[in-house]
Amino acid sequence: LYAGQTITSILRRYVYSWSPQVANIFNDKQIYTFNDDDNKGIWYFEPVSCENNIFYLKNKEYNEYLYATTFHYSFFNDRRKVFTWSRNPSELDDSFKWRVTKIDGEEKYTLHSVKFNEPLYAASFFFRRDSLRRNVYTWHGEPDSRQFNWYIKCRDGNKLIE
């Protein structure tokens, strides 16, 4: 999961997923440099006070928070786009909150928007501009495939949640 380019008209930033396997192939062609230490792909999970397993996700590179938008495009009927946005923590509402749920013995999780109770997922079709990035949305419904699974690795070796 990483924060991409800005949308200048609305001062938000697109969010994509990037496959490590694809990134390695892409890097070999020296078109784009991306690795596990790229700050655009590092997120701080800031616990929400007095709420178990609820976090704000803040991108390290841009200091912007992940949020689920309130609008659907006609093409996206069951999908809700997510962006990052630079906000003061006192301005964050439920659209910026994410419920983290562990789904098996590994460090695999689902992330649900608290405001809409919709899971975050990587779309099955690739982003058209370069065919390597996947758009990230929330889904109106329950997760039914690995597209909704997220591996979260804490850099300090701790567990995010038990």
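It should be noted that the structure appears before, not after, this text.
Residues numbered from 1 in each chain as written. Predicted model: local features only at pLDDT ≥ 70, side-chain atom pairs only at ≥ 80, totals over all residues. Heavy atoms only, no water.

**Section: the overall build of the protein chain**
Next up, step 1: For the protein chain, the helix and strand inventory stands at 1 helix and 11 strands.
Next up, step 2: Along the chain direction, N to C, the helices and strands of the protein chain fall in the order β-β-α-β-β-β-β-β-β-β-β-β.
Next up, step 3: Put simply, the protein chain has 162 residues, and 41% of those count as buried.
Next up, step 4: Of the contacts formed within the protein chain by residues at least 6 apart in sequence, a portion of 50% connects residues at least 24 apart.
Next up, step 5: If you sum the accessible surface of the protein chain, you get close to 9500 Å²; carbon and sulfur atoms cover 47% of it. (Helix = DSSP H or I, 4+ residues; strand = E, 2+ residues; numbered from the N terminus. Buried < 20%, exposed > 50% of the residue type's maximum accessible area, 1.4 Å probe, protein only. Contact = heavy atoms within 4.5 Å. Areas by Shrake-Rupley, 256 points an atom, 1.4 Å probe, with all protein chains shown as cover.)

**So, the nonpolar core**
Next up, step 1: Grouped together as the largest cluster of nonpolar side chains are 19 residues, with contacts concentrated most on Leu66, Val82, Trp98, Val100, Leu111 and Leu120.
Next up, step 2: Other than its neighbours up to four places away in sequence, Leu66 contacts Leu1, Val15, Trp43, Leu57, Val82, Phe83, Thr84, Ser95, Phe96, Trp98 and Leu120.
Next up, step 3: The next biggest cluster of nonpolar side chains, apart from the first, holds 9 residues, and it includes Ile7, Val48, Leu92 and Phe96. (Core = buried A, V, L, I, M, F, W, Y, C linked by side-chain atoms within 4.5 Å.)

**Focus: the packing of aromatic side chains**
Next up, step 1: Counted by the stated rule, this structure contains 12 aromatic pairs.
Next up, step 2: Aromatic pair Tyr14 and Phe83: ring centres 5.9 Å apart, planes at 55°, arrangement tilted. Remark: Phe83 occurs in strand S6 (residues 79-85) and Tyr14 occurs in strand S2 (residues 12-18); sequence separation between them is 69 residues.
Next up, step 3: Look at Tyr14 and you get partly exposed, because its relative accessible area is 27%.
Next up, step 4: Looking at Phe83, the relative accessible area reads 3%, which means it is buried.
Next up, step 5: On the numbers, 6.0 Å between centres and 35° between planes, the contact of Tyr121 with Tyr137 is tilted. Here Tyr121, found in strand S9 (residues 118-126), pairs with Tyr137, found in strand S10 (residues 133-139); they are 16 residues apart in sequence, far enough to count as distant.
Next up, step 6: Members of the aromatic cluster, joined through ring pairs, are Tyr2, Tyr14, Tyr16, Tyr67, Phe83, Trp85 and Phe96.
Next up, step 7: Positioned over the ring face of Trp85 is Arg87, at 3.9 Å from the centre of the ring. (Phe/Tyr/Trp six-rings, centres within 6.5 Å; stacked < 30°, edge-to-face > 60°. Lys NZ or Arg CZ within 6 Å of the ring centre and 35° of its normal.)

**Describing the side chain of Asn59**
Next up, step 1: By secondary structure assignment, the location of Asn59 is in strand S4 (residues 54-59).
Next up, step 2: Owing to a relative accessible area of 0%, Asn59 belongs among the buried residues under this scheme.
Next up, step 3: Among the polar contacts made by the side chain of Asn59, one reaches the main-chain carbonyl oxygen of Lys40 at a distance of 2.8 Å. (Polar contact = N/O pair within 3.5 Å; in protein donor to acceptor, adjacent residues only side chain to side chain.)

**Description of the pairing of S6**
Next up, step 1: In terms of burial, S6 is a largely internal element, 5 of the 7 residues being buried.
Next up, step 2: Looking at chain direction, strand S5 (residues 65-68) and S6 are connected through 4 bridges and run antiparallel. Note that in S6 the partner of Tyr67 across the bridge is Phe83.
Next up, step 3: In the sheet, S6 pairs with S10 via 3 bridges, with the strands oriented antiparallel. Within S10, the position partnered with Arg79 by the bridge is Trp139. (Pairing = 2+ DSSP bridges.)

**Quick notes on the pattern of salt bridges**
Pairing between side chains becomes possible if they bear opposite charge and their charged atoms approach one another.
Next up, step 1: What the rule picks out here adds up to 6 salt bridges.
Next up, step 2: Here Lys97 makes a salt bridge to Glu51, at a shortest N to O gap of 2.9 Å. Of the two residues, Lys97 sits in strand S7 (residues 97-102) while Glu51 sits in the loop between strand S3 (43-47) and S4, which places them 46 residues apart along the sequence.
Next up, step 3: Under the relative-accessibility criterion, Lys97 is labelled buried at 11%.
Next up, step 4: A relative accessible area of 29% places Glu51 in the partly exposed class. (Salt bridge = Lys/Arg side-chain N within 4 Å of Asp/Glu carboxyl O.)

Interpretation in functional terms is not warranted from these geometric data alone.
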